[in-house]
Amino acid sequence: MQKSGLTRFISPLILLLFGLVQLHAQGTSGVVSGTVMDSTNAIIPGASLTISNPISGYSQTTKADAQGQYRFTNLPFGRYHVSAISFGFKPVAMDAQVRSASVTQVDFKLSVSANDQVVTVEAEPEDMVNADPTSGNAVDRNLFARLPTESTNAPLSALVSGSTPGIAGDSNGLFHPMGEHADTTFSIDGQPVSDQQSRVFGNQLSVNAIQSINVINGIAPPEYGDKASLVVQTTTRSGLNLVHPTGSISYSYGSFGTSVGSLALGFGGKRVGNFFTADGVDSGRYLDTPEFRPMHAKGNNENFFDRIDFNPSEQNLFQLNMTASRSWFQNPNQYDQQAAGQDQKAQIFSYNLSPSWTHILSPHSLFTVNPYLRQDNFHYYPSKNPFSDTPVTLAQSRRLQNAGIKADYSFSHGINTIKAGAMFYHTFLHEGFSLGITDPTFNAPCLNANGTPDPNPAFTDPSQCPPGDTPNGNFNAGSAPFDLTRGGTVFQFNGKTDIKQEAIYLQDTLAFKGFTFLLGGRVDNYDGISHRSLVQPRLGATYLVKATNTVLRLGYGKLFLTPYNENLIVSSSTGVGGLEGAGAAVPLKPAARNQYDAGFEQGFGKHLVVNGEYFWKFTDRDFDFDIVLNTPLAFPIQWKKSKIDGFGIKLTVPETHGISAYAVLGHTRSRFFNPEVGGILFNDPSVATGGVFRIDHDQAFQQSTHLQYQPFKSGPWYGITYRYESGLVAGNAPFATQADVAAGFTDLSYLTADQQQQAKITCAGVVATLAAPFTSCPVGQLSSPLLSIPKPGTENDDKNPPRVAPRTLFDMGAGWDNVLHRDRLKTNISITAVNVTNKYALYNFLSTFSGTHFVSPRTVSAQVTFNF
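On a predicted model such as this, the values are computed, not experimentally measured, just so you know.

*Asks:* Mind showing me how you'd approach the state of the cysteines here?
*Replies:* Simply put, disulfide is the name for a covalent bond between the sulfur atoms of two cysteines. Inspection of the entire model under this criterion finds two disulfides. Note on cysteine connectivity: cysteine 446 is disulfide-linked to cysteine 465, with sulfurs 2.1 Å apart. Taking the sign of the torsion about the S-S bond as the criterion, the disulfide between cysteine 446 and cysteine 465, at about -95 degrees, is left-handed. With cysteine 446 in strand β25 (residues 446–447) and cysteine 465 in the loop between β25 and β26 (470–471), this residue pair connects regions lying 19 residues apart in the sequence. You'll find cysteine 446 and cysteine 465 in the same group, each marked buried. Here cysteine 763 engages in a disulfide with cysteine 777; their sulfurs sit 2.2 Å apart.

Encoded structure:
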């Protein structure tokens with residue numbers, strides 16, 4: 001492969017930086033340390049120190065040692081409130097901003113108190129807002145340990161989408177950040193993971209291994225590239241300073257026979273620490289299902305994580321993260337597939353290896369290097385009898401292996417926090433895929449006199465329809481060669497390739513009086529099936545109005561987006577209209593985006609914080625996935641361009657008198673422009689033609705509100721979550737076109753009986769059933785309680801598309817921590833209920849990008865946890 005000029009320019013810089021240091025550091029956490037003294041500079045041993053973030057709920061306590069020194073490690077980046085208390089002295093509180101892995105020094109001088117009373121130091125109003133130019137939302141495990149989620153194998157995705165504004169949730173752990181589809185990078189202790197992390201792509205990190213997350217939903221700093229609509233900075237749990245073995249064993253059981261077992265064990269001292277987690281899930285409803293009643297939906301998952309810390313000195317900190325996981329699951333059936341005996345299933349094997357070493361050069365600077373290796377192996381198996389699969393038989397075996405190294409230099413002193421770095425990624429892809437049509441009515445060339453597809457295999461072309469039949473307007477000639485019922489053959493694909501990516505970046509965060517600026521840029525180069533390079537400036541600014549506790553924020557970023565790696569080779573072998581099209585192969589190419597953000601953060605005393613952000617995104621060559629029917633087989637596709645704008649708002653009520661709450665809201669207008677290239681496109685091929693349209697990431701409004709109440713610290717707690725979704729754009733949903741209005745009826749022949757009963761299609765008050773579907777419906781008589789169907793003749797792909805009907809869901813939880821009131825061995829019990837009202841609702845319907853899936857029926861689970 002010939003290197004571009006930019007590759008030849010970047011590679012020597014990367015090699016030079018790697019040659020200077022053979023080091024590696026955590027990239028999402030830092031250290032706060034200092035000394036506690038009295039007014040005469042005499043040390044105060046045994047002083048109690050607490051560090052907390054009142055917004056995320058993070059809190060950690062320690063005591064000063066015999067030299068009066070203290071140290072808080074593994075602190076997620078953010079703003080903290082640090083307090084020191086000692087008997088006979090007045091308490092003192094100070095603030096600390098952790099922006100890098102270097103040590104933040106906070107020393108205390110305590111003055112003698114007039115009385116001997118020890119008081120609690122609480123956060124002040126100014127601690128409630130964050131003046132960082134990058135908008136983010138921090139969540140600590142104190143919250144997500146109590147947050148009800150229906151996701152079995154993707155609780156991290158559910159946590160992110162349920163606690164971050166501007167995100168529309170979807171089925172199987174998928175979510176749409178800021179109008180995009182899964183355009184997200186997970187930064188796990190500094191290791192970038194931008195490949196897909198939902199239940200149907202790979203096995204994601206267990207929340208049991210996570211200490212906290214900070215979700216960047218504004219302009220990403222220059223150190224983050226590739227998928228950057230959302231950056232999830234993830235800090236794992238550490239065993240350092242756990243002198244006694246500390247951890248938990250938990251087990252839960254609930255609806256659909258779902259059982260979950262978890263183990264967490266940490267131990268270590270000041271120099272060496274280890275933290276290990278093991279999690280197992282077995283469920284009768286592993287994936288979201290195309291019917292409200294789960295059928296053929298069993299699955300299980302095993303996930304292991306181990307973090308080893310070794311600090312031989314204050315200047316050298318080693319870390320090794322290791323994960324291994326496996327999942328096996330059945331692909332849920334529709335009623336017609338269940339009747340045919342369909343038995344499609346899948347397995348995913350994943351591992352990740354990421355060693356770490358931090359070398360601190362001075363109190364203000366450090367070098368970092370981060371090598372890593374990760375892999376996802378995905379296998380999809382058809383039924384033993386191909387004709388038990390309906391309407392298509394499918395098989396796949398693919399491997400995605402990513403090796404990379406990241407190095408940077410950080411300097412923090414005075415008003416500057418500077419970071420410069422380089423990255424190299426090497427991705428290896430191997431994809432095997434096969435497909436064959438097994439249902440003679442799926443792509444029938446002719447229609448019977450009653451408007452239903454003619455299953456006669458003798459007719460293979462609409463021009464050869466027998467007397468009484470009419471040509472099928474929905475017939476697709478591109479997929480006809482793979483119709484096994486009409487003499488076709490199975491589509492077979494096998495390919496492999498590798499992709500090399502290089503990047504360099506430079507950024508500086510300057511704090512001057514009330515202003516904070518982010519100045520920087522990034523250069524990326526992509527060498528794969530296609531090639532492109534891009535220079536990306538990133539700028540941000542905030543101003544803190546101290547009098548009103550207000551932060552005003554502006555930002556601009558140029559971003560370089562690379563094609564999704566999953567099934568990239570298959571998708572790049574097709575063209576316009578995917579496999580169903582007739583065009584030449586067109587490789588998917590990297591995209592360029594201009595993004596503008598404007599936002600604010602407003603504190604109201606110590607009891608309420610409002611954070612709002614408005615965004616505009618203009619992308620040349622934007623990406624998405626198309627999914628084959630309701631299977632987990634998804635293929636990247638690319639559109640000519642997109643224009644997306646919207647807002648996200650978060651309201652946070654920090655804990656006061658046992659009450660805490662938050663609400664996240666969002667609105668997105670997501671407009672995509674044809675033509676489309678790549679993919680398979682079996683659900684709604686009409687999206688590959690035409691002009692501008694609203695993609696299924698588009699949702700007018702969504703919100704999630706969580707309220708938690710614990711009247712006494714040693715008593716039970718109660719929680720409730722209220723979720724509202726106005727409805728994503730639906731896929732190939734029925735509606736009356738202007739031509740239908742003129743003809744007097746709406747064509748429904750393209751929908752199978754099962755599809756009609758899924759959406760409860762109703763014509764003149766009669767609901768479609770499996771035994772009695774409709775072929776047409778008089779104009780004005782068509783409706784559905786699960787779809788928002790435009791009025792006859794008013795549908796417009798851009799202005800008035802069909803949507804999933806609005807839905808309101810309630811989740812509830814209750815529990816009691818340390819119910820037996822023990823000092824060492826503590827027992828927690830809890831019970832959670834998701835979709836308490838058993839709401840019958842859809843995530844999506846015949847969507848090109850996610851198929852048809854129902855929200856989970858009422859799910860109740862009980863859990864017991866033993867902490868030691």
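*Asks:* Would you take a moment to explain unusual backbone geometry for this structure?
*Replies:* Peptide bonds are mostly trans, and most non-glycine residues show a negative phi. Backbone torsion omega between threonine 390 and proline 391 reads 0 degrees, so that peptide bond is classified as cis. Locating proline 391 in the fold gives a position in the loop between β22 (365–381) and β23 (392–413). For the peptide bond that leads from asparagine 674 to proline 675, omega is 10 degrees, which places it in the cis range. When you line up the elements, proline 675 lands in strand β35 (residues 659–677). One non-glycine residue, phenylalanine 256, lies in the positive phi region at around 60 degrees. For phenylalanine 256, the location among the structural elements is in the loop between β16 (246–254) and β17 (258–268). A positive phi angle is found at lysine 513, which is not glycine, with a value near 55 degrees. Lysine 513 sits in the exposed class, given a relative accessible area of 75%.

*Asks:* What is the right way to read the pairing of strand β34 (residues 634–656) from this model?
*Replies:* A regular strand places its side chains so that they alternate between the two faces of the sheet. One ladder, built from 12 bridges, connects strand β32 (residues 608–620) with β34; its direction is antiparallel. Pairing of glycine 612 across the sheet is with isoleucine 649, part of β34. Bridging between strand β33 (residues 623–627) and β34 involves five bridges; their strand directions are antiparallel. Its bridge partner being in β34, phenylalanine 623 is matched across the sheet by glutamine 638. Remark: six residues form the turn of the hairpin made by β33 and β34, two consecutive strands paired antiparallel; leucine 629 in that turn has positive phi of roughly 55 degrees.

*Asks:* Whenever I open this one, the pattern of salt bridges confuses me. Can you help?
*Replies:* Under the defined criterion, the tally for this structure stands at 32 salt bridges. With a closest N to O distance of 4.0 Å, lysine 617 and glutamate 180 form a salt bridge. With lysine 617 in strand β32 and glutamate 180 in the loop between β11 (175–177) and β12 (184–188), the pair connects residues that are 437 residues apart, well separated along the chain. Taken individually, lysine 617 and glutamate 180 each receive the classification buried, so the pair is uniform in this respect. Two residues, arginine 271 and glutamate 314, come together in a salt bridge whose shortest N-O distance is 3.9 Å. Here arginine 271, found in the loop between β17 and β18 (272–283), pairs with glutamate 314, found in the loop between β19 (299–310) and β20 (316–330); they are 43 residues apart in sequence, far enough to count as distant. Arginine 271 gets classed as partly exposed once you look at its relative accessible area, which sits at 36%. Taking the relative accessible area as the measure of exposure, glutamate 314 reaches 31% and is therefore partly exposed. Three or more residues are tied together by salt bridges with common partners; here these are Arg671, Arg694, Asp698, Asp798, Lys799 and Arg803.

*Asks:* For this particular structure, what's the right way to read the side chain of serine 33?
*Replies:* The topology assignment puts serine 33 in strand β1 (residues 29–38). Residue class for serine 33 comes out buried when judged on its relative accessible area of 9%.

*Asks:* Before we go on, may I ask you to explain the sheet that holds strand β6 (residues 92–98) in this structure?
*Replies:* Strand pairing in a sheet is mediated by backbone hydrogen bonds. Such pairs are either parallel or antiparallel. One open sheet holds the four strands; their spatial order is β3-β2-β5-β6, and the pairing between them is antiparallel. Because the sheet does not close on itself, it has two edges, and the strands there are β3 (58–63) and β6. When the angles between neighbouring strand axes are averaged without regard to direction, this sheet yields 20 degrees. Looking at chain direction, strand β2 (residues 48–53) and strand β5 (residues 78–85) are connected through five bridges and run antiparallel.

*Asks:* Would you mind showing me how to read the environment of asparagine 800 here?
*Replies:* Among the structural elements, asparagine 800 can be located in the loop between β44 (787–788) and β45 (803–804). Along the backbone, asparagine 800 and phenylalanine 693 are 107 residues apart, and their C-alpha atoms lie at a distance of 9.5 Å. Among the polar contacts listed, one links the side chain of asparagine 800 to the backbone oxygen of threonine 794, at a separation of 3.2 Å.

*Asks:* How do you make sense of a nonpolar patch on the surface when you look at a structure like this?
*Replies:* Among the surface-exposed residues, Ile659, Leu707, Tyr709, Tyr718, Ile720, Tyr722, Phe810 and Met812 lie close enough to one another that they form a single nonpolar patch of about 670 Å² accessible area. Top element by residues in the nonpolar patch is strand β38 (residues 716–725). It accounts for three residues. Residue placement: phenylalanine 810 occurs in strand β46 (residues 807–816). Of the residues examined, phenylalanine 810 reaches a relative accessible area of 31% and is grouped as partly exposed.

*Asks:* Which parts of the structure should I look at to understand the sheet that holds strand β43 (residues 782–783)?
*Replies:* Judged by pairing direction, the sheet is antiparallel, and its three strands sit side by side in the order β41-β40-β43 without closing on themselves. The two strands at the open ends of the sheet, each matched to only one other strand, are β41 (766–767) and β43. Inspection of the sheet shows strand β40 (residues 762–763) paired to β43 by two bridges, in the antiparallel sense. Following the sheet pairing, cysteine 763 is matched in β43 by leucine 782.

*Asks:* What am I meant to see in the packing of aromatic side chains here?
*Replies:* Centre-to-centre distance and the angle between the planes together describe a pair of aromatic rings. As enumerated under the stated definition, the model contains 26 aromatic pairs in all. Here tyrosine 58 and tyrosine 80 contribute two aromatic rings whose centre-to-centre distance is 5.9 Å and whose plane-to-plane angle is 75 degrees, an arrangement assigned as edge-to-face. On the criterion of sequence distance, the pair formed by tyrosine 58 in strand β3 and tyrosine 80 in strand β5 is long-range, its members being 22 residues apart. Where phenylalanine 310 meets phenylalanine 318, the ring centres are 5.8 Å apart and the plane angle is 25 degrees; that geometry is what we call stacked. Residue class for phenylalanine 310 comes out partly exposed when judged on its relative accessible area of 40%. Members of the aromatic cluster, connected to one another through ring pairs, are Phe201, Tyr564, Phe623 and Phe625. Lysine 641 extends its terminal NZ or CZ atom over the ring of phenylalanine 673, reaching a point 4.8 Å from the ring centre. Residue placement shows lysine 650 over the ring face of tyrosine 662; its charged tip is 5.2 Å from the ring centre.

What counts, and at which threshold
Residues numbered from 1 in each chain as written. Predicted model: local features only at pLDDT ≥ 70, side-chain atom pairs only at ≥ 80, totals over all residues. Heavy atoms only, no water. Disulfide = S-S within 2.5 Å. Helix = DSSP H or I, 4+ residues; strand = E, 2+ residues; numbered from the N terminus. Buried < 20%, exposed > 50% of the residue type's maximum accessible area, 1.4 Å probe, protein only. Pairing = 2+ DSSP bridges. Salt bridge = Lys/Arg side-chain N within 4 Å of Asp/Glu carboxyl O. Axes fitted to C-alpha atoms, helices over the stretch in contact; angles between N-to-C directions. Polar contact = N/O pair within 3.5 Å; in protein donor to acceptor, adjacent residues only side chain to side chain. Patch = residues over 30% accessible without salt bridge, like charges linked within 9 Å, V, L, I, M, F, W, Y side chains within 5 Å. Areas by Shrake-Rupley, 256 points an atom, 1.4 Å probe, with all protein chains shown as cover. Phe/Tyr/Trp six-rings, centres within 6.5 Å; stacked < 30°, edge-to-face > 60°. Lys NZ or Arg CZ within 6 Å of the ring centre and 35° of its normal.

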